[in-house]
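Here's the letter readout for the chains.
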Amino acid sequence: MAQAKLTIDLAALRANWRALAHMGQAEAGAVVKADAYGLGIDAVAPALAAEGARRFFVAIAEEGARLRGILGPAPEICVFSGHMAGDATLIRDAQLTPMLNSIDQMLRHVEALPGHAFGIQLDSGMNRLGMEPAEWRALREIALAQRPSLVMSHLACADEPGHPMNDHQLRVFREMTDGIAAPRSLAATGGVLLGSDYHFDVTRPGIGIYGGLPFLDALPVAFVDIPVIQLRDVLPGETVGYGNTWTAERPTRVATIAGGYADGILRSMSHKAFLWAGETRCPVLGRISMDLIGVDVSAVEGEPESLELLGRHQSVDTLADWAGSIGYEILTSLGTRYARAYTGA
Ligand SMILES: *Cc1c(COP(=O)(O)O)cnc(C)c1O
């Protein structure tokens, strides 16, 4: 079988969520947008619900409707994009809680679904989503009278603990929300790690649950193993892969493995990445193709059947460094071609 294997450890996932949830007094939600960061919402969301998560966050209403089908009626499902035109039926039928981003969204919501749950998203400085301070001042009393289930904002620089933006956004969020009765939420994974000043009533961890930075102590959740299709010995002067970008300087044993950039092994990792055969580190040779990668297995004893890309030896953030990216992008790029297995359920 030439299908690469993606194993997701649900016990590690649950342990990561629990660890983040126990860092303070706040209720921990769980962010499961983008198919649970690429790891499969059908398995991930029930595992987190079983661990005690009662409030889930998705990016768009369609994701929320799918999640409602998976989780049943009990958990609250919050939608970051708020109430978009055309979403009313989905929001009503799936009992979603839109995080309203503007006065326009507020009007749309109360007109289409009076009495239906909603939250408020405030912009405390990131300038991505949410009501600006002036907009909020105009709407605040009317909005609060209708009892939002959450008032939230998002930090731009929480993965850098010393960044002055964190303090600034905390101050702005406080000014906008101090004294209100509704539950408040500011912290994603980075904010949880900044400490309890940032936690308020509800936290919204995502990446840390899935084993990524900035949660340094996260257990690895995703494991990728890629079968070796063919082994060959190349001589000095011979080249490997498209564009002849790697030339052997010594006799080299090359394993061609069944994975490539179509599996989220980003082409920008070419010439930088490694895989592992047991305890032996094996460099990638030449350019990563769509479905194939050449790997130097000269130092490996015997004939390896598969090589490890993600797992005990290297994390999503190791790969991200090679690609000039972040762990989030590595996870959400993994794609659908893997044979997926869930362990620790
Ligand atoms: C994605 C997202 C989160 C989760 O962020 P992580 O850094 O993955 O923990 C929380 N809140 C909002 C608004 C988001 O967009």
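Residues numbered from 1 in each chain as written. Predicted model: local features only at pLDDT ≥ 70, side-chain atom pairs only at ≥ 80, totals over all residues. Heavy atoms only, no water.

Caption draft 1: Main features of the sheet that holds strand E7 (residues 119-121). With parallel pairing, the seven strands of this open sheet are ordered in space as E3-E4-E5-E6-E7-E8-E9. Single-partner strands in this sheet number two, and they are strand E3 (30-31) and strand E9 (184-185). Pairing between E7 and strand E8 (residues 151-152): two bridges, direction parallel. Considered in E8, the bridge of Ile120 is made with Val151. (Pairing = 2+ DSSP bridges. Helix = DSSP H or I, 4+ residues; strand = E, 2+ residues; numbered from the N terminus.)

Caption draft 2: Region of the structure containing the pairing of strand E17 (residues 293-296). What you see with E17 is no split at all: Ile293 and Val295 on one side and Gly294 and Asp296 on the other are buried throughout. In terms of strand pairing, strand E14 (residues 252-257) meets E17 through four bridges, oriented antiparallel. Bridging from a neighbouring strand, Ala255 pairs with Val295 of E17. Where strand E16 (residues 280-285) and E17 come together, two bridges link them in antiparallel fashion. Directly across from Leu285, in E17, lies its bridge partner Gly294. (Buried < 20%, exposed > 50% of the residue type's maximum accessible area, 1.4 Å probe, protein only.)

Caption draft 3: The arrangement of the packing of aromatic side chains in detail. Inspection of every chain in the model, using the stated rule, returns five aromatic pairs. Judged by centre distance (5.4 Å) and plane angle (15°), the ring pair of Phe57 and Phe80 falls under stacked. Taken together, the positions of Phe57 in strand E4 (residues 55-58) and Phe80 in the loop between strand E5 (76-79) and helix H5 (88-93) put the pair 23 residues apart, joining distant regions of the chain. For Phe57, a relative accessible area of 0% translates into the label buried. The class of Phe80 is buried, set by a relative accessible area of 12%. Relative to Trp322, the ring of Phe274 lies with its centre 6.0 Å away and its plane at 50°, an arrangement referred to as tilted. Of this pair, Phe274 sits in strand E15 (residues 274-277) while Trp322 is found in helix H10 (residues 316-323), placing the two residues 48 residues apart along the sequence. In this structure Trp322 comes out as buried when scored by relative accessible area, which is 13%. Over the aromatic face of Phe274 sits the side chain of Arg281, whose NZ or CZ is 3.6 Å from the ring centroid. (Phe/Tyr/Trp six-rings, centres within 6.5 Å; stacked < 30°, edge-to-face > 60°. Lys NZ or Arg CZ within 6 Å of the ring centre and 35° of its normal.)

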